[in-house]
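Given next are the chains, with one letter for each unit.
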Amino acid sequence: MKVWIDGELADRDDARLCVFDHGLLYGDGVFEGIRVYEGKIFRCAEHVDRLFASARAIRLAVPMTKQAITDAMEQTVAANGVVDGYIRLVVTRGPGTLGLEPNKCANPVVFIIADQIALYPEEMYANGMAVIIARTRRIGASMIPPSTKSLNYLNNILAKVEAVDAGVAEAIMLNAEGDVAEATGDNVFIVRDGTVLTPPPESDILIGITRGVVMELCRRLEVPLAERRISVEQLYAADECFLTGTAAEVIAVTQVDDRMIGDGRPGPITTRLLGAFRELTRPGRP
Ligand code: PMP
């Protein structure tokens, strides 16, 4: 495997970060997870734009242009022969001193990994997944802007640990107000009386690119859609529920805590959207 780091494609074992990198010492940096479908980078410009927006939010100057980053990703995909896979694009604050001061890090580091990914077993896409609601709350807008995809994921990891402890694959996180925000690495949607609902940015979510794609699909398929605050009670009582994310794509949730969602099977609107998403990303394939 070749990893793109600081302008070069290095062998996997030679792609190394300095132990003084603030990305490592403090989670000080930003990243993107991006799909490659049929050799093409899916929603490339949107991901690159979000990376730059995240970097701006933490006052990190990305040391490359958007075009140069796009070219580097294409080069990495080609070098690894990735046709259907996943890109991890990371910008760290770079090496600095043993203090927080970001301005002492003169050289941010960019690296790009292109690899395969399979987040959940295929069986879960067919039958749906069980999730819990985590006790760990989502960080709020006054802490780290939730729309910033930073390297600081401990908040989500703690919620994921709760899921693992409970024997399920994912956890849904509430925001400080107790509204549904998102899953640890995915956005949440519910269906109620034929309308697809998803929390708005004000519910402290990361504004997912896949979330945006699914909203476009709803409009195209003329499925009623609204961004609404969602309470725990509304989640428990939903007719359908599903998660969206770059790695997860679209996946039905059929149980939340000890409550069955709908009849415990992926619902009709979820199934339709999952099909439309697959057709968009893998046209003509089963
Ligand atoms: N929320 C969080 C916290 C995430 O990390 C992600 C990305 N894995 C998402 C939502 C989904 O975003 P996207 O569709 O852009 O992958």
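Rules of the game
- Residues numbered from 1 in each chain as written.
- Predicted model: local features only at pLDDT ≥ 70, side-chain atom pairs only at ≥ 80, totals over all residues.
- Heavy atoms only, no water.
- Core = buried A, V, L, I, M, F, W, Y, C linked by side-chain atoms within 4.5 Å.
- Buried < 20%, exposed > 50% of the residue type's maximum accessible area, 1.4 Å probe, protein only.
- Helix = DSSP H or I, 4+ residues; strand = E, 2+ residues; numbered from the N terminus.
- Near = heavy atom within 4 Å.
- Polar contact = N/O pair within 3.5 Å; in protein donor to acceptor, adjacent residues only side chain to side chain.
- Areas by Shrake-Rupley, 256 points an atom, 1.4 Å probe, with all protein chains shown as cover.
- Nonpolar A, V, L, I, M, F, W, Y, C, P; charged D, E, K, R; others polar.
- Domains from an automatic or database assignment.
- Contact = heavy atoms within 4.5 Å.
- Buried area = accessible area lost by both parts, 1.4 Å probe.
- Salt bridge = Lys/Arg side-chain N within 4 Å of Asp/Glu carboxyl O.

S.K.: Before we go on, may I ask you to explain the nonpolar core in this structure?
M.R.: The nonpolar side chains of a soluble globular protein tend to be buried, and buried together. Y120, M129, L235 and I251 are the most contacted members of the largest nonpolar core, which totals 26 residues. Secondary structure elements with two or more residues in this core: helix 4 (122-127), strand 7 (129-133), strand 8 (170-174), strand 9 (180-183), strand 10 (187-192), helix 7 (232-236), strand 13 (240-245) and strand 14 (249-256). I34, F52, I69 and V110 belong to the second-largest nonpolar core, a separate cluster that totals 25 residues.

S.K.: Explain the site of the ligand to me, please; I cannot follow it from the model alone.
M.R.: Near the ligand, the surroundings consist of 15 residues, among which Y153, E182, I209, T210 and T246 are the closest. A distance of 2.4 Å separates an oxygen atom of the ligand from a polar side-chain atom of Y153. Protein chains bury 93% of the 390 Å² of accessible surface belonging to the ligand in isolation. When its residues are assigned to classes, the shell around the ligand shows three nonpolar, eight polar and four charged.

S.K.: Help me out: how do you make sense of the domain arrangement of the chain in this one?
M.R.: Many descriptions give the size of an interface as the accessible area lost when the pieces come together. Each domain of the chain was delimited in the assignment, giving domain 1 (2-115) and domain 2 (122-281). On a C-alpha basis, the centroid separation for the pair domain 1 and domain 2 is 26 Å. The interface of domain 1 with domain 2 comprises 25 residues on the first partner and 19 residues on the second. Interface of domain 1 and domain 2: buried area, both sides summed, is about 1,700 Å²; carbon and sulfur atoms make up 61% of it. On the domain 1 side of the interface with domain 2, the three residues burying the most area are F31, R43 and R50, jointly 34% of the side's total. For the pair domain 1 and domain 2, the interface holds two salt bridges. The partner of E249 in a salt bridge is R35, with the nearest N and O atoms 3.9 Å apart. In this structure, the connection of domain 1 to domain 2 is made through nine residue pairs in polar contact (both at pLDDT 80 or more). Elements that contribute at least two residues to the side of domain 1 that touches domain 2 include exactly helix 1 (22-26), strand 3 (29-37), helix 2 (44-57) and strand 5 (85-92). The leading source of residues in the side of domain 1 that touches domain 2 is strand 3, at eight residues. Class assignment for the residues of the side of domain 1 that touches domain 2 results in eleven nonpolar, seven polar and seven charged.

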